[in-house]
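# Observations on the three-dimensional arrangement
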Amino acid sequence: MSLAEVTIDGSAGAANAREIYGQALVELARQHPDVVALTADLMLSHQLKAFKETHPERFINVGIAEANLMGVAAGLALDGKIPWATTFAAFASMRAHEQVRSDIAYPGLSVKIVGTMGGLSGGVAGPTHAGMEDIGTMRMMPGMTVIAPSDPLHLAQFVEQAYARRGPVYIRLGRGNDPIIYPKDQTVEIGKAIRVVDGSDATIISTGVMLRDALVAASRLADVGVSVRVIDMHTVRPLDVEAVEQAARETGVIVTVEDHMVTNGLGSAVAECVAESGAACRMKRLGIPDVFSIIGPPADLYKHHGYDATGIEQTIHALLLA
């Protein structure tokens, strides 16, 4: 794929991933009678009203009780259902961490967890509601699949694939409208990264909503003669090890970009892979540093913490000159 085949100027518009999720879940329930939707008093926020109206007998609101949300989901899975438990990413991964670990991941139940307001996408809500650690806490659980879609139009495909996938799955979404990047016929596959742009001088590996900034940085670098590969690592676990090792060998420079703590997220997963590969590769992880973020609009926060397009561009220049 080339830069000309993806949209980085906003001309393709944006879509609300939560609306797409709600629609996809309604359609999934029409096809599969074992689908059950659960929420922790966030039906409207997570666009589940249509599900409640079309499948009221398969909709459960547990109230503001995220630990209970996961426990109920586990019980439904033991009864042969495929439950979809939806809440804010911070609460799914932190407040209900023990229930996700012991009640869902340990027995390997097919519970599908959807966390919204991942990263600093809900920046004005403050650190208590920011899912800054969720990828890390979820990816360290045995058997857990972790997905962070980069394009909202891919979400329906991930919902279908997650339903068919045995065991627990965590899907991370943002808060607002996300840019449409890929052509409408672009297909995605859990565990298979997308090489969005080819390049030979350096590689940017991004996950979730940071793909657009990665592409902007790659475009600016191309204008000054720097050839940058861009990889969409929409699945953090299982990681596409082959894509990472190939990038390390062929470009020798990797920058990871994520709207997540740099500790134990995508960057850590990629660094582990590079270290074990033995490849001679310089690497830098970009994301939320070792702080609780200040409050503000997401784009301003990405810039403040140095992982927007400008921060990516400057990091690659520094690595190439090192």
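Look above for the structure.
Notes on the structure follow.

Counting through the fold element by element, His305 comes out in the loop between α11 (298-304) and α12 (309-321). For His305, a relative accessible area of 14% translates into the label buried. Of note is the side chain of His305, whose polar atom sits 3.0 Å from the side chain of Ser293. Other than its neighbours up to four places away in sequence, His305 contacts Leu120, Gly287, Pro289, Val291 and Ser293.

Okay, the pairing of strand β2 (residues 35-39) next. Taken across its 5 residues, β2 has 5 buried, putting it largely inside the fold. Burial of the side chains of β2 extends over both faces: Val35, Ala37 and Thr39 are buried on one face and Val36 and Leu38 on the other. Note: β2 against strand β4 (residues 82-88), 5 bridges, orientation parallel. From the neighbouring strand, Val35 faces β4, where its bridge partner is Ile82. Here β2 runs beside strand β3 (residues 59-61); their pairing, made up of 3 bridges, is parallel. From the neighbouring strand, Ala37 faces β3, where its bridge partner is Phe59.

What the 7 strands build is an open sheet, ordered β3-β2-β4-β5-β7-β6-β12; its pairing is mixed. Of all the strands in the sheet, just β3 and β12 (235-237) have a single pairing partner and so form its edges. The average undirected angle you get between the axes of adjacent strands in this sheet is 20°.

The rules behind these values
Residues numbered from 1 in each chain as written. Predicted model: local features only at pLDDT ≥ 70, side-chain atom pairs only at ≥ 80, totals over all residues. Heavy atoms only, no water. Helix = DSSP H or I, 4+ residues; strand = E, 2+ residues; numbered from the N terminus. Buried < 20%, exposed > 50% of the residue type's maximum accessible area, 1.4 Å probe, protein only. Polar contact = N/O pair within 3.5 Å; in protein donor to acceptor, adjacent residues only side chain to side chain. Contact = heavy atoms within 4.5 Å. Pairing = 2+ DSSP bridges. Axes fitted to C-alpha atoms, helices over the stretch in contact; angles between N-to-C directions.

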